[in-house]
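# Understanding the architecture of this molecule
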Amino acid sequence: MTEHVTADAAARRRYDIVIVGAGWAGSALAQRLGDKGWQVLVLEAGNGDTDTWPGFLDTLSTFRSAVAKVPNSAYRPNAAAPSPNVLDLAPVRNPRPGEPEFTAGGYFVQNGPLPYGTDYLRALGGTAMHWLGAVPRMRDEDFETRTRYGYGRDWPIGAAELQPWYAEAERLLGAAGHGQEQYDLGVVHDSRYEYPMQEIPRSYIDRYCKEAVEGEVITDPVAERDYTLTLYGLPQARNSTPNPRYRTDPPFRVRGAVGLPNFGERCVGNASCVPICPVQAKSLPLRIQAAFPRSVTVANRCVVTRVRRSGERSVSGVEYRTYTDPASPVSRSYVVEADVVVLAAHAIENARLLLFSELANGSGQVGRNLMDHPTVLSWALGAESKGPVGPFRGPGHTSGWEVFRFGEGRRRRAPFRIEIGNWGWGWATGAPMSNVATALGIGGDEHGEVRPDGVFGPELRRLLGSSVGRQLQLQLAVEQPADPGNRVTLDGRHRDAMGNPRPVITYDLSEHVRDGALAARAVAGEIFRRMGADDFTNHAPRDGVPPLGHFVHKGTDLAYSGAGHGAGTHIMGSDPATSVVDADQKTHEFDNLYAVGCGSMASVGTSNPTLTMMALALRSAERIHDSLATARRPVVIRTPDTTEATA
Amino acid sequence: MITATELHEKGFHVPRNLGELRTFLQAAMEVEHLTIPVYMTGMYTIRPGTNRTAYFAIRSVLMEEMLHMTLAANLLNAVGGRPRVGRAEFVGKYPAKLPFSSDDLPPVPLQHFSPEALRTFLRIEQPRSMTPPPQEGSGWTSIGQFYDALRQGVLQIVDREGERAVFPPGREHLQVGPDDFYNSGGEVFAVHDTKSALLALRVISEQGEGVSDTIWDSNDLIFKEERTLAHYFRFNEICTGRSYGPHDRPKDLPSGPLIDVSWEDTRPIHGDSKVADYERFASTSDVYARAVEFNSRYAALLTCLDRAFNGKPRVMALAVPTMLELRDRAGQLHHNPHPDPALAALGVFASPTFELGRPQFDAAAQAVDTDIALAGFETGEPVDLSALTPATGETFA
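Per an unreviewed UniProt entry, chain B carries the name Iminophenyl-pyruvate dimer synthase domain-containing protein and comes from Streptosporangium nondiastaticum.

Chain A is annotated in an unreviewed UniProt entry as GMC family oxidoreductase of Streptosporangium nondiastaticum. Of the comments in the UniProt record for chain A, the one headed Cofactor (unreviewed entry) reads "FAD".

Next up, the structure:
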């Protein structure tokens, strides 16, 4: 188990490095730098205990008793370090034209035309506690969309340079995948690459879809191009069988649970990776933390409030507040000093800290370029003649159609990745609970009375079997490029219980993204038609109530959901005038202040961003080590003159 | 009669030759397996969501019994034997006489989660240090003593016949390794010489009864894992409702913090129920059909293990989903009242009977071998069970 110290103990000494945030990026950096012998302090704003067995069981119970199984539903609310929740958004009935169709409660203040429907988690382990575990790489062209396709931003580094870091991240995360297939897809450069673990078996739905439409040519009406459907598996950070063709010395070993030594299994198809894997097959940062060397100190419940500047180009450490009772506004403030400060607190939290500290914002880009993968859901019932498709088995998705992600079509519309959902209409309609409610007659008639046509017993089972068993859902994740208008700002009037400023979010979808969403919806509809499935997708307002994320584009009602992929808020670039951090994720303006995480990404392509974030973090760890080692070397080195001594 | 019982009746002795050693190892697998229906029943009768500490403690022991069974199979394969798991002679009848223990002990029944069940568990796992030392020719006293006899046997036979004769080459492909078996304290490993054989025996006995007169197992020493309590002491924590403190010794009562155990959160069963009893009520209760099905699926599980131990270690990937299926099937039985109205009126629930005979195994062998042929399960290849999906278009209800 990871050892934790109190806020007081943490402040009692100096460190080489202080890291803000104990999620994936912060944990990876701490482990790497700690292993090199540097004294590292990790400050986590949220509660700990996720790394203990009782904490894990509590998470499971909280999830099981939650009415809405949203990503944060397994984790207890914390007023002292609040997290945004996808349930914070509500639609407006009969919205006035031109006015937002939503209201936002909770942690975020939202003032944009469209909702930012993405959450994160402030707790030990970070948002990774409820991540899905998808670890696809980005392809070369994703790093240079400006040069190749005339939109978005180019990265200062490319896919080639990231290849070894990707491989390293896949080892650290424990990725299961099919190397050859990912090479064929063009995201892995080495034709003989092997993942540490053999791929997670594909779902029955994958096979069902493959048999139905593999090789079909689909016309994208927006890009005006034809695309041939080929199914590809998804690399996942989930325990499967170690790959004997991966390095043999030492062979890869599956890592088990955190908090209990004789638990932790391989994926057996429980369908709740988000928000929690009940057998701990899903990889978590807690596994890295459990192996922290003694040189790494972790302190929970330490909310970093400010980065302290010490000179023209240097910072001296951070100021943080600790709380005992999260429900009370009482907290105590401390200062801790370190040679290097690393912000690894999530894209939006990093931006919030930099903005409040008034640091590193010469470019005016801090908080700007907020990105996500706006996800267009499409749902249908498989043909009755083909029988059940077997939803709610396995990880969230195990395969997808990748062809719309790449190529010249990107000039005309944002690219999108089609995930084949394994969890029925769960995301779109709240299935299967919503199906049960409907079948029971709950939801009521127009007077709010329980409907008389509810069923129970064998009839309920039959109805559920036919309504749930054939649910197909496609999740079309659209790339959102860097757009300075999408941003996080602070407003002194909006503060959390501890008194820290809450993020104010301004969010919209550009024409290019809306075109991508329109194409995605059309393509999904066509795929369902070819499969003989009955398309139930409906993004139009019902009874005057628009779905969340609703907009009308070129006469079509569309809606998107947030993917939880916040990025871009301290964007990477080579020009200090237009970007916040350099390729090493060091702020341009300070020699010892780093902002790491998805906030650094200049584009997100159509890949779930964790893997790329981890590759960048591992690369930065190496750079931070180099800079510290260089700084510690004496200016003049003289070899002692031994001749005299021996004489 | 299972091999272990035969051996038990011959009285305490150390295996004298390779043939006897193999018989002992076959018996070892049977003894490990004998505990599994007992622990399964204790665990799955806990009302879901309650008694979590107890549930996971029993589960952890159960997983380690599976590890022991697998290590015993590896050892048996290493010494030129052939593990036989998928047959009626492998399975004991409950209440079962516990082999290699004192003849004064009452037979081990299937019991729901209760103080009585925990006392049975403690009896099964009782360390040697709590039992009088055995005399050659006299009766057996503990399972720990049995494993010690095995250890002595291995050493003596290797001494006499040479390591190469005892551990012939060319049997590596029969070993189940960590790629195929996981999720317990400790780890499975290949057995190929005296050293690994003794380590396997040490893991088995120390996880069960603890390291040399302590309450701890040796997972920290052998596998660099966290140290955990040996089985007897894990059960004693539940039994006494209190966890062990850092300085407690085997003979002490636990002195640590209290554990939340609620004995009323259980589904009482009538452990002696047989399929024949359920059959009498087949017209009014589905329990009969479900209990029959449970037994046939349990036979399938043992058949999978048989194939996994006999040259196809990857078949573990078929055994695991079968275990999960059995968990769900056991849960369903325990959720339903006993079909006998008189028992149901007393609040007694149905339970799996673990009655496995020749017909079950014959049917299972055919089904499992068909599945193996379809899925391949070649060593080193990725697991892919998709070929096994029945194309029946079966409806949900």
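Here the narrative resumes, following the displayed structure.
## Regarding the sheet that holds strand β6 (residues 109-110) of chain A
Residues and elements named next belong to chain A. The strand order across the open sheet built from 3 strands is β6-β19-β18, with neighbouring strands paired in mixed fashion. Of all the strands in the sheet, just β6 and β18 (487-489) have a single pairing partner and so form its edges. As paired elements, β18 and strand β19 (residues 504-506) share 3 bridges and run antiparallel to each other. Looking at the pairing, Arg-487 lines up with Thr-506 of β19.

## Observations concerning unusual backbone geometry
A cis amide bond, omega 5°, links A:Val274 with the succeeding residue A:Pro275. Assignment of secondary structure puts A:Pro275 in the loop between β9 (231-233) and α8 (285-290). Residue B:Pro95 follows B:Tyr94 across a cis peptide bond; omega there is -5°. Mapped onto the elements, B:Pro95 comes out in the loop between α3 (52-78) and α4 (115-125). Despite not being glycine, A:His346 has its phi angle at roughly 100°, a positive value. Phi is positive for B:Phe354, close to 55°, though the residue is something other than glycine. Secondary-structure assignment places B:Phe354 in the loop between α13 (341-345) and α14 (358-375).

## A look at empty space enclosed by the protein
All names here are of chain B. Evaluated as defined, the whole model comprises 7 cavities of 30 Å³ or more. Looking at the largest cavity, its volume works out to about 160 Å³. Listing elements by their share of the lining of the largest cavity, those giving two or more residues are α2 (18-44), α3, α4, α5 (143-161) and α7 (194-209). Of the residues in the lining of the largest cavity, the class split is 5 nonpolar, 6 polar and 4 charged. Roughly 80 Å³ of internal volume is contained in the second largest cavity.

## So, the domain arrangement of chain A
Residues and elements named next belong to chain A. Split into domains, chain A comes out as domain 1 (4-199 + 235-371 + 564-631) and domain 2 (375-479 + 510-559). Look at where the C-alpha atoms of domain 1 and domain 2 centre, and you get two points 29 Å apart. Listed as interface residues are 38 residues of domain 1 and, on the opposing side, 32 residues of domain 2. In terms of surface lost to domain 2, no three residues of domain 1 exceed Tyr-149, Tyr-151 and Thr-606, which account for 25% of the buried area on that side. The interface formed by domain 1 and domain 2 holds 2 salt bridges in total. Across the pair Arg-410 and Glu-141 runs a salt bridge whose closest N-O atoms are separated by 2.8 Å. Of all the secondary-structure elements, those providing two or more residues to the side of domain 1 that touches domain 2 are β4 (89-91) and α4 (145-149). Per-class residue counts for the side of domain 1 that touches domain 2 are 17 nonpolar, 12 polar and 9 charged.

## Quick word on the environment of B:Val320
Along the chain, B:Val320 turns up in helix α12 (residues 316-335). Among all residues touching B:Val320, those that are not within four sequence positions of it are A:Val268 and B:Tyr182.

## Quick notes on the side chain of A:Gln110
Residue and element names in this part refer to chain A. Positionally, Gln-110 belongs in strand β6. For Gln-110, a relative accessible area of 15% translates into the label buried. Side-chain polar atoms of Gln-110 contact the backbone nitrogen of Tyr-116, separated by 2.8 Å. With sequence-adjacent residues up to four places away left out, Gln-110 is seen in contact with Leu-89, Phe-102, Ala-104, Pro-115, Tyr-116 and Ile-505.

## Let's talk about the sheet that holds β9(A)
All names here are of chain A. The strand order across the open sheet built from 6 strands is β9-β15-β16-β17-β14-β20, with neighbouring strands paired in antiparallel fashion. Unpaired on one side and paired on the other, β9 and β20 (534-535) mark the two borders of the sheet. Two elements, β9 and strand β15 (residues 397-401), share 3 bridges in a ladder whose sense is antiparallel. Opposite Tyr-232, over in β15, you have Gly-400 as the bridge partner.

## Some words on the packing of helix α2 (residues 24-35) of chain A against helix α5 (residues 159-173) of chain A
Residue and element names in this part refer to chain A. Where α2 meets α5, the axes come as close as 12 Å, and the angle between the chain directions of the two elements is 95°. Taken together, α2 and α5 sit at an angle that is classed as roughly perpendicular. When α2 is examined against α5, the residues Trp-24, Ala-28, Gln-31 and Arg-32 are found in contact with a partner set consisting of Glu-168, Arg-171, Leu-172 and Leu-173. Broken down by class, the residue content of the contact of α2 with α5 amounts to 4 nonpolar, 1 polar and 3 charged.

## Describing the pairing of β15(A)
Residues and elements named next belong to chain A. Among the 5 residues of β15, 5 are classified as buried, and the element is accordingly described as predominantly covered. Across 3 bridges, the pairing between β15 and strand β16 (residues 416-421) is antiparallel. In the strand pairing of β16, Gly-400 is matched with Glu-419.

Thresholds applied
Residues take numbers from 1 onward in each chain, read along the sequence in its written order. Lettering for chains starts from A, numbering for ligands starts from 1, and both go in the order in which the items are written. Totals for whole chains, interfaces and linings use all residues, but because this is a predicted model, local features are given only for residues with pLDDT of at least 70 and pairs of side-chain atoms are given and counted only at 80 or more. Based on all heavy atoms of the structure, the side-chain values leave hydrogens and waters out of the count. UniProt positions are given in the numbering used here, feature names are shortened, and annotations may be inferred rather than shown by experiment. If DSSP finds at least two bridges between two strands, the strands pair. Only DSSP runs of H or I covering at least 4 residues are called helices, and only runs of E covering at least 2 are called strands; the numbering of each starts at the N terminus. For cavity detection a 1 Å grid was placed over the protein atoms alone, and a set of points counts as a cavity when a 1.4 Å probe fits there but cannot get out; an open set counts as a pocket when protein lies on both sides within 12 Å along at least five of seven lines, with lining residues being those that have an atom within 4 Å of a point. Grid points are joined across faces, edges and corners, and a volume is the space filled by probe spheres set on the points. Basically, the charged four are Asp, Glu, Lys and Arg, the nonpolar ten are Ala, Val, Leu, Ile, Met, Phe, Trp, Tyr, Cys and Pro, and anything else, Gly included, counts as polar. What marks off one domain from the next here is an automatic or database domain assignment. Contact definition: two residues touch when any of their heavy atoms are within 4.5 Å. Buried area counts how much accessible surface, traced with a 1.4 Å probe, disappears from two parts once they are put together, with both parts' losses summed. When a carboxyl oxygen of Asp or Glu lies within 4 Å of a side-chain nitrogen of Lys or Arg, that pair is called a salt bridge. Classification of residues uses two cut-offs on accessible area relative to the type maximum, computed with a 1.4 Å probe and protein chains only: under 20% is buried, over 50% is exposed, and between them is partly exposed. N or O atoms within 3.5 Å of each other form a polar contact, as long as, within protein, one can give a hydrogen and the other can take it, and as long as residues adjacent in sequence are counted only when both atoms are side-chain atoms. Axis lines are fitted through C-alpha atoms, for helices just across the contact stretch, and the angle between N-to-C directions can take any value from 0 to 180 degrees. We call two directions roughly parallel when the angle between them is under 35 degrees, roughly antiparallel when it is over 145, roughly perpendicular when it lies between 65 and 115, and oblique otherwise.

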